[in-house]
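Results of the structural survey
Spelled out, the chains give:
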Amino acid sequence: MGIILEASHLTYGYDESSHAIEDLSIAFEEGKTTAILGANGAGKSTLFLHLNGILQPEQGEVRFRGQPISYKKAGLRQLRSKVGIVFQNPDDQLFSASVYQDISFGAVNMGLPAEEVHRRVETVMEQVGITYLKDRPTHALSFGQKKRVAFAGIMVMQPEVIILDEPTAGLDPVGISELMHLLQDVCRQQHTTIILSTHDIDVVPIYADVIDVMDKGHMVAHGTPAEIFAQPELLREHHLRLPRISHLLEILHKEDHWDVDASISTISGARKELLRHAAE
Ligand SMILES: Nc1ncnc2c1ncn2[C@@H]1O[C@H](COP(=O)(O)OP(=O)(O)OP(=O)(O)O)[C@@H](O)[C@H]1O
C-alpha cells in the first residue's frame, strides 16, 4: 500500500505575527488509520483544513496520490469528493432542512444521477443507524445524532480518505464506542483511509495503526501505538498522557516487573485483546 495523501513543508499563519503550522511534513498510508495527537493549539485542525483544500498554505504543498492539489473550483470539488472532512462541531456542517437532504447534499454536488444519490443515502443511513431520523430537521437532533448525520453526509460521497476532527468530543462513553465501531466497520468495508485527531487518548491504541504527534505547529513524533506509548517522557514533554493501559505497564516496568520488550509486546497483545472485545 502506498501513500495516498501527503503534506510537504507546510507553513501557515492566521495572522502575520505567528505560524499555526510551520514547515510541517506528513504522509498518510492508504487504508491505515492515523491518529494525530497534540495539545490544544498544536495545529491539528489547521493541518486538516489544508488536507482538504479549505486552507491554502503560505509555503509547501499537499499532494493527493502524488499530484499537487489544485485550488481551482473544479480541482477542489474533485479533491473534496475524495478527501472528506467531518468537523469537530456538527453544527458547522449541517445546513439543510432535513436529515435526508443534508446527507444527500454532497452526493448531489458531485453531479450523481438522482437514483444513485437516493441509493447511496438510503445505504449510508442504514449503515450509520439513522434511517429513523431521515425526515427530522437537523436542528432538532441530539449532539450524538448530529455527529452521525455529519459522518453520513461525508460517507455518502464514498471518499477515499476521511478526516475526523475530534470525532469523540462531546459524546458519552457508549456514544464514543458506537461511533468508533461504526467508523471502523463502514471504512473497513470501503477500504477508506482514516485520519483523526482526538484528546481521548484511551481510544487511540484500540483504533489507530499509526500515531503522529504535533506540538506548536510542528510534527514531533511518528510511530505505531506500541512505539509511541513506549515513550512516556516524549508524551509528557508534549503535554500528552499515556493511555490508562500503557500507564499501568509503565508502573509495572518501573517496579521491575516487566522489561521494555515485554511491555511493548504486552501493549500489542492488549490492543488485540481490546479489539477482540470491541468486535464482540
Ligand atoms: N480562525 C483562527 N484565527 C486565528 N487563529 C487561529 C484560528 N484557528 C486557529 N488559530 C490558532 O492557530 C493555532 C493552531 O490552532 P488549531 O485549531 O489548528 O489547533 P488544534 O491542535 O486543532 O487545537 P485544539 O486541540 O484546541 O482543537 C492556535 O494558536 C490557534 O489559536
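In this text, all values refer to a predicted model and were calculated from it rather than measured experimentally.

1. Details of the site of the ligand
If you check the shell around the ligand, you find Tyr14, Ala20, Ala39, Asn40, Gly41, Ala42, Gly43, Lys44, Ser45, Thr46 and His199 and nothing else. Contact between the ligand and Gly41: an oxygen atom at 2.8 Å from a main-chain N or O atom of the residue. Interatomic distance of 3.1 Å between a backbone N/O atom of Ala42 and an oxygen atom of the ligand. Partitioned by chemical class, the residues of the shell around the ligand number four nonpolar, six polar and one charged.

2. Here we look at the domain arrangement of the protein
Once the domains are mapped, the protein shows domain 1 (1-81 + 158-223) and domain 2 (89-157). Centre-to-centre, using C-alpha coordinates, domain 1 lies 22 Å away from domain 2. Across the contact, 22 residues belong to domain 1 and 14 residues belong to domain 2. Taking both sides of the interface into account, the surface hidden between domain 1 and domain 2 amounts to around 1,400 Å²; carbon and sulfur atoms contribute 63%. The largest contributions to the domain 1 side of the interface with domain 2 come from Gln158, Leu182 and Val186, which together make up 35% of the buried area.

3. Details of empty space enclosed by the protein
With the rule as written, the count across this model stands at three cavities of 30 Å³ or more. Space inside the largest cavity adds up to approximately 50 Å³. In this structure, the largest cavity is lined by Val86, Phe87, Lys147, Phe151, Leu164, Pro167, Leu179 and Leu183. At the level of secondary structure, the elements contributing two or more residues to the lining of the largest cavity comprise helix H5 (143-155) and helix H6 (173-190). In terms of residue class, the lining of the largest cavity is built from seven nonpolar, no polar and one charged.

4. Let's talk about the sheet that holds strand S7 (residues 161-165)
Overall, mixed pairing links the six strands, which are arranged S6-S7-S8-S3-S9-S10 in an open sheet. Either end of the sheet is taken by a strand with one partner, and the two such strands are strand S6 (83-86) and strand S10 (218-223). Each strand of the sheet is rotated relative to its neighbour by a mean of 20°, with strand direction disregarded. Bridging between S7 and strand S8 (residues 193-197) involves five bridges; their strand directions are parallel. What sits directly across from Ile163, in S8, is Ile195. Strands in contact with H6 are S7 and S8; relative to S8, the strand with the most contacts, it is inclined by about 160°.

5. A few points about helix H1 (residues 44-51)
Within an α-helix, residues lying three or four positions from one another point in the same direction, as the helix has 3.6 residues per turn. Among the eight residues in H1, seven count as buried, and that is most of the element. At the C-terminal side of H1, Gly53 shows a positive phi close to 75°.

6. Details of the sheet that holds strand S5 (residues 67-68)
Within the open sheet, the four strands sit side by side as S2-S1-S4-S5. Their pairing is antiparallel. Edge positions in the sheet fall to strand S2 (21-29) and S5, since each has one partner strand and no second. Summarising the sheet, strand S1 (residues 3-12) and strand S4 (residues 59-64) pair through five bridges and their orientation is antiparallel. Across the sheet, Ala7 pairs through a bridge with Val62, a residue of S4.

7. Topic: the nonpolar core
Ranked by internal contacts, the top residues of the largest apolar core, which has 51 residues, are Ile103 and Ile162. Here this core gets seven residues from one element, more than from any other, and that element is H6. Split by domain, the residues of this core number at least three in each of domain 1 (1-81 + 158-223) and domain 2 (89-157). Ignoring sequence-local partners within four residues, the contact set of Ile103 consists of Val121, Val124, Met125, Ile130, Val149, Ala152, Gly153 and Val156. Core analysis: the second largest hydrophobic core is formed by 26 residues, Leu47, Phe48, Ile85 and Ile163 among them.

Definitions and cut-offs
- Position numbers for residues count from 1 along each chain, tracking the sequence in the order it is written.
- The predicted origin of the model limits local features to residues at a pLDDT of at least 70 and limits the giving and counting of side-chain atom pairs to 80 or more, whereas totals for whole chains, interfaces and linings rest on all residues.
- Here the side-chain values reflect all heavy atoms present in the structure, with hydrogen atoms and water set aside.
- The criterion for a residue being near a molecule or strand is simple. One of its heavy atoms has to lie within 4 Å of it.
- Side-chain atoms alone can form a polar contact between residues adjacent in sequence; in general such a contact is a pair of N or O atoms within 3.5 Å, and within protein one must be able to donate a hydrogen while the other accepts it.
- In this classification, Asp, Glu, Lys and Arg are treated as charged, Ala, Val, Leu, Ile, Met, Phe, Trp, Tyr, Cys and Pro as nonpolar, and every other residue, Gly included, as polar.
- Source of the domain bounds: an automatic or database domain assignment.
- Whether two residues touch is decided by their heavy atoms; if any such pair falls within 4.5 Å, the residues are in contact.
- Two parts placed together each lose some accessible area under a 1.4 Å probe, and adding up what both lose gives the buried area.
- Two kinds of site are reported from a 1 Å grid over the protein atoms alone, namely cavities, where a 1.4 Å probe fits but cannot get out, and pockets, open sets with protein on both sides within 12 Å along at least five of seven lines, and residues are called lining when an atom falls within 4 Å of a point.
- Grid points are joined across faces, edges and corners, and a volume is the space filled by probe spheres set on the points.
- Secondary structure elements are taken from DSSP: a helix is a run of H or I of four residues or more, a strand is a run of E of two residues or more, and numbering for both begins at the N terminus.
- Strands are labelled as partners when DSSP assigns at least two bridges between them.
- Helix axes are fitted only over the stretch in contact, all axes being lines through C-alpha atoms; the angle between N-to-C directions runs from 0 to 180 degrees.
- A simple rule labels every residue: compare its accessible area, found with a 1.4 Å probe on the protein chains alone, to the largest value its type can have, and call it buried under 20%, exposed over 50%, or partly exposed in between.
- For our purposes a nonpolar core is just a set of buried Ala, Val, Leu, Ile, Met, Phe, Trp, Tyr and Cys residues, chained together by side-chain atoms within 4.5 Å.

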